[in-house]
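# Coordinate analysis (summary)
One letter stands for each residue in the lines below.
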Amino acid sequence: MSAVIKKGSKVTLHFSLKLDDGSVVDSTPAEKPASLIIGDGNLPEGFEETLYGLASGEDRVSRIPPEKAFGMPNPNNLQRIPKGSFASGVELEEGLVMSFSDAANSELPGVVRNFDDEMVEVDFNHPLAGRHLTFEVQILDVETP
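Residues numbered from 1 in each chain as written. Predicted model: local features only at pLDDT ≥ 70, side-chain atom pairs only at ≥ 80, totals over all residues. Heavy atoms only, no water.

Now for the sheet that holds strand β7 (residues 107–115). Two orientations exist for strands paired in a sheet by backbone hydrogen bonds: parallel and antiparallel. Strand order across the open sheet formed by four strands is β5-β8-β7-β6, with antiparallel pairing between neighbours. Only two strands of the sheet have a single partner each, and these edge strands are β5 (78–82) and β6 (97–101). Adjacent strand axes in the sheet meet at a mean angle of 45° when their direction is disregarded. The sheet contact formed by β6 and β7 spans five bridges and is antiparallel. Bridged to Ser99 within β7 is Pro109. (Pairing = 2+ DSSP bridges. Helix = DSSP H or I, 4+ residues; strand = E, 2+ residues; numbered from the N terminus. Axes fitted to C-alpha atoms, helices over the stretch in contact; angles between N-to-C directions.)

Now the structure itself:
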């Protein structure tokens, strides 16, 4: 009997993550599957839940709501930063992804939403926050703890 996925299982799989329009936002290359431990925090809980009970050789397509994926956008994660805080050589444009440092000096990505001569609005929400996602998986191997 094949091992089935449960908390603590080491799983090797191929996956693709798609938006509602079918565009792929992340996937494993055909020659390089992903390996992960279920429950280690590297995969959002909503994605892990769809894997429970699957065995090697099984496939699944699941629609993941925002609340179980990357959450809903938080208005507190929109920050207005004085334009003078940016390096003079930076060419700002809407949609530009930039790296910032948080209070703990960790790297934090932000997306420029808009700007004027004085201020720049930066969105620090996860880029997939608020999005329904289609999670397609092909389970290659399952090792139980």
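Count of turn residues in the β6/β7 antiparallel hairpin: five residues, of which Asn105 carries a positive phi of about 65°. Sheet topology note: the β7/strand β8 (residues 119–123) ladder contains four bridges and is antiparallel. Its bridge partner being in β8, Phe115 is matched across the sheet by Val120.

As a further point, take the pattern of salt bridges. In this structure the tally under the stated criterion is four salt bridges. For Lys18, the salt bridge goes to Glu136, with nearest N and O atoms at 3.2 Å. Within this pair, whereas Lys18 is found in strand β1 (residues 10–18), its partner Glu136 is found in strand β9 (residues 133–143), the two being separated by 118 residues in sequence. Of the residues examined, Lys18 reaches a relative accessible area of 22% and is grouped as partly exposed. By relative accessible area, which is 27% here, Glu136 ends up partly exposed. The closest approach of N and O atoms between Asp123 and Arg113, which form a salt bridge, is 3.2 Å. A residue pair is termed long-range when its members are at least 10 positions apart, and Asp123 in strand β8 and Arg113 in strand β7 qualify at ten residues. Given a relative accessible area of 37%, Arg113 falls into the partly exposed group. (Salt bridge = Lys/Arg side-chain N within 4 Å of Asp/Glu carboxyl O. Buried < 20%, exposed > 50% of the residue type's maximum accessible area, 1.4 Å probe, protein only.)

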